[in-house]
Amino acid sequence: MSTENLPQSPEQPSRKPRVAVVFGGRSSEHGISVVTAGAVLRAIDRTAYDVLPIGITPGGRWALTADEPERMEISDRSTPSVDQLAESAEGAVVLPVDPANREVVYSEPGSVPKALGEVDVVFPVLHGPYGEDGTLQGLLELSGVPYVGSGVLASAVGQDKEYMKRVFTSFGLKVGPYVVIRPREWERDESAARRRIVDFAGEHGWPLFVKPARAGSSIGITKVDDLSGLDEAIAEARRHDPKILVEAALRGREIECGVLEFEDGPRASLPAEIPPPDAHAYYDFEAKYIDSTPGIVPAPLTDEETAEVRRLAVEAFDAASCEGLVRADFFLTEDGEFVINEINTMPGFTPISMYPQMWQATGVSYPELVDLLVRAALRRSTGLR
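So, how was this worked out
- Residues numbered from 1 in each chain as written.
- Predicted model: local features only at pLDDT ≥ 70, side-chain atom pairs only at ≥ 80, totals over all residues.
- Heavy atoms only, no water.
- Helix = DSSP H or I, 4+ residues; strand = E, 2+ residues; numbered from the N terminus.
- Rg over C-alpha atoms; globule rule 2.2 N^0.38 Å.
- Buried < 20%, exposed > 50% of the residue type's maximum accessible area, 1.4 Å probe, protein only.
- Contact = heavy atoms within 4.5 Å.
- Lys, Arg positive; Asp, Glu negative; His and termini not counted.
- Charge placed at Lys NZ, Arg CZ, Asp CG, Glu CD.
- Core = buried A, V, L, I, M, F, W, Y, C linked by side-chain atoms within 4.5 Å.
- Axes fitted to C-alpha atoms, helices over the stretch in contact; angles between N-to-C directions.
- Parallel < 35°, antiparallel > 145°, perpendicular 65-115°, else oblique.
- Nonpolar A, V, L, I, M, F, W, Y, C, P; charged D, E, K, R; others polar.
- Salt bridge = Lys/Arg side-chain N within 4 Å of Asp/Glu carboxyl O.
- Expected span 1.5 Å × (residues − 1).
- Pairing = 2+ DSSP bridges.
- Polar contact = N/O pair within 3.5 Å; in protein donor to acceptor, adjacent residues only side chain to side chain.

(A) Looking closely at the overall build of the chain. Looking only at helices and strands, the chain has 12 helices and 16 strands in total. A compact globule built from 385 residues would reach a C-alpha radius of gyration of about 21 Å, and the chain, at 22 Å, matches this within 12%. With the C-alpha coordinates aligned to their principal axes, the bounding extent of the chain is approximately 90 × 55 × 40 Å. In the chain, which comprises 385 residues, the share counted as buried stands at 54%. Partitioning the intrachain contacts of the chain with sequence separation of at least 6 by distance along the chain shows that 66% fall at a separation of at least 24. Charged side chains of the chain number 38 positive and 60 negative; the gap between the two group centres comes to 4 Å.

Right under this line is the structure:
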């Protein structure tokens, strides 16, 4: 029987991919994550994507927030919080841990849960523990929801500065001298643990940088010029992480390079140089985000140096099995050698952050950058790959 004359069902319009921008979180970098989310929400192409903003409070509640990027900006030298943006003080967003069901549900005490629709991809702009360290990535893998950025292993490696350096060393990338003090060492014999740091200073000289081993690149870090400041620096680092990392200061220029995943593989941006900030001992959180100390983009390097740092940045990306994006931070030492300091698998992503600025100089605008990252995530499946 011919079907030519039968009434035809109208074609259903294809649904736009839905992007959940997840931000905030339980780490000390909560506020800058909110600022980053505001920039992403402002830049994402609303003609191509539906957007669902989800904030995680410092206490860990997943909250439904208003889509109002103008409320997510630094004001009076203070960063915003999810608690200020949440539509309810008790309502919670739930992402089902079921690969066959991507529907997000919102519930409040005493009310019937409300379906918010399916999510096709998550853009997690969280920094530090409980978001950038593989924990959220593991949840999304269990849920079967694709997401922007690196997977569980690369995220965990990128968060733990000790194992990051071990991975880089195993792949032949040069790292600077460091020593790690684990929680058990400190609890077993505090004096012996402290002596290890003092002996390290005796071998490599002052100043030292005392850091939380599993925090971002700005929070909880102290530059220690002599023995008198060591105890306070250790206490500050341990306030953020019971495991601390102590690094020898390297003499040289600070060079950063962005890596972005394209369809044909990762590519590196033009590098940037971070000059010593006038009002700060080093390039700390306030220098980056509050006082907006400008970097030099592109970095004033020779063509050979530029090519080398771009090559090394992609090598670091591959060594840690990264996906999506990475900012790789190097020192160019006085003898002309690049030493990798660390990678950030979800670097600062505000428009004034170095990662977007480097790609802007390379010819990729901020909105294009957001779009490329979302599209890369949509191309990937969850699970082993």
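(B) Representation of the nonpolar core. Counting residues in hydrophobic clusters, the biggest one holds 36 residues, and the most contacted among them are Val21, Phe23, Phe123 and Phe349. Counting residues per element, this core draws most heavily on helix α12 (residues 366-379), which supplies seven residues. Membership of the second largest hydrophobic core comes to 29 residues, among which are Met164, Phe168, Ala268 and Ile343.

(C) Structural view of the packing of helix α4 (residues 152-159) against helix α5 (residues 161-170). Where α4 contacts α5, the axes come no closer than 5 Å and their chain directions differ by 110°. Classified by the interaxial angle, the pair formed by α4 and α5 is roughly perpendicular. Where α4 abuts α5, its residues Val157, Gly158 and Gln159 lie against Lys161, Tyr163, Met164 and Val167. Its residues assigned to classes, the contact of α4 with α5 comprises four nonpolar, two polar and one charged.

(D) Structural detail: the pattern of salt bridges. Evaluated as defined, the whole model comprises 27 salt bridges. When the shortest N-O distance is used, the salt bridge between Glu73 and Arg42 registers 3.1 Å. Residue Glu73 is found in the loop between β3 (62-64) and α2 (82-85), and its partner Arg42 is found in helix α1 (residues 30-43); the two are separated by 31 residues along the sequence. By relative accessible area, Glu73 is classed as partly exposed at 44%. Here Arg42 falls in the partly exposed class, since its relative accessible area comes to 47%. When the shortest N-O distance is used, the salt bridge between Arg311 and Glu308 registers 2.9 Å. Placement of the pair is Arg311 and Glu308 together in helix α10 (residues 303-319), with a separation of three residues, close to one helical turn. Bridged by salt links that share partners, the residues Glu141, Glu261, Glu323, Arg380 and Arg385 form one connected network.

(E) Fine view of α12. The end-to-end C-alpha separation of α12 is 20 Å, in line with the 20 Å expected for 14 residues at 1.5 Å each. Among the residues of α12, those classed as buried are Tyr366, Leu369, Val370, Leu372, Leu373, Val374, Ala376 and Ala377. Those residues of α12 that are buried lie in contact with β1 (18-24), α1, β7 (121-124), β12 (252-262), β15 (325-333) and α11 (354-362).

(F) Layout of the sheet that holds strand β4 (residues 92-94). Taken together, the three strands give an open sheet; going across it, the order is β4-β5-β6, and neighbouring strands pair in antiparallel fashion. Edge positions in the open sheet fall to β4 and β6 (114-118), since each of these has one partner strand only. Looking at each pair of strands side by side, their axes are set apart by 25° on average, direction ignored. Inspection of the sheet shows strand β5 (residues 103-107) paired to β6 by four bridges, in the antiparallel sense. Looking at β6, one finds that Val105 is bridged to Ala115.

(G) Expanded view of the sheet that holds strand β10 (residues 222-224). Within the open sheet, the four strands sit side by side as β8-β11-β9-β10. Their pairing is antiparallel. Each of the sheet's edge strands pairs with one partner strand only, and the pair in question is β8 (178-181) and β10. Strand-to-strand, the axes of this sheet are offset by a mean angle of 25°, without reference to chain direction. Of the strand pairs in this sheet, strand β9 (residues 208-212) and β10 are connected by three bridges, and their pairing is antiparallel. Bridge pairing in β10 places Phe209 opposite Lys223. Contacts from helix α7 (residues 190-204) reach β8, β9 and β11 (244-248) within the one sheet, and its direction differs from that of β8 by about 175°. Against the sheet, helix α8 (residues 230-240) engages β9, β10 and β11, with an angle of about 25° to β9.

(H) The arrangement of the pairing of β7 in detail. Alternating positions in β7 separate into two faces, Val121 and Phe123 on one and Val122 and Pro124 on the other, with burial throughout. Across four bridges, β1 lies against β7 in parallel orientation. Paired with Ala20 across the two strands is Val122, which belongs to β7.

(I) Expanded view of the environment of Arg196. In this structure, Arg196 sits in helix α7. The spatial distance from the C-alpha of Arg196 to the C-alpha of Arg42 is 48 Å, given a sequence separation of 154 residues. Excluding its chain neighbours within four sequence positions, the residues that come into contact with Arg196 are Val179, Val180, Ile181 and Glu185. In terms of polar contacts, Arg196 uses its side chain to reach the side chain of Glu185, at 2.5 Å.

(J) The arrangement of the side chain of Ser143 in detail. For Ser143, the location among the structural elements is in helix α3 (residues 135-143). Overall, the relative accessible area of 0% leaves Ser143 in the buried class. Contact partners of Ser143, with chain neighbours within four places excluded, come to Leu95, Pro96, Val97, Asp98 and Pro99.

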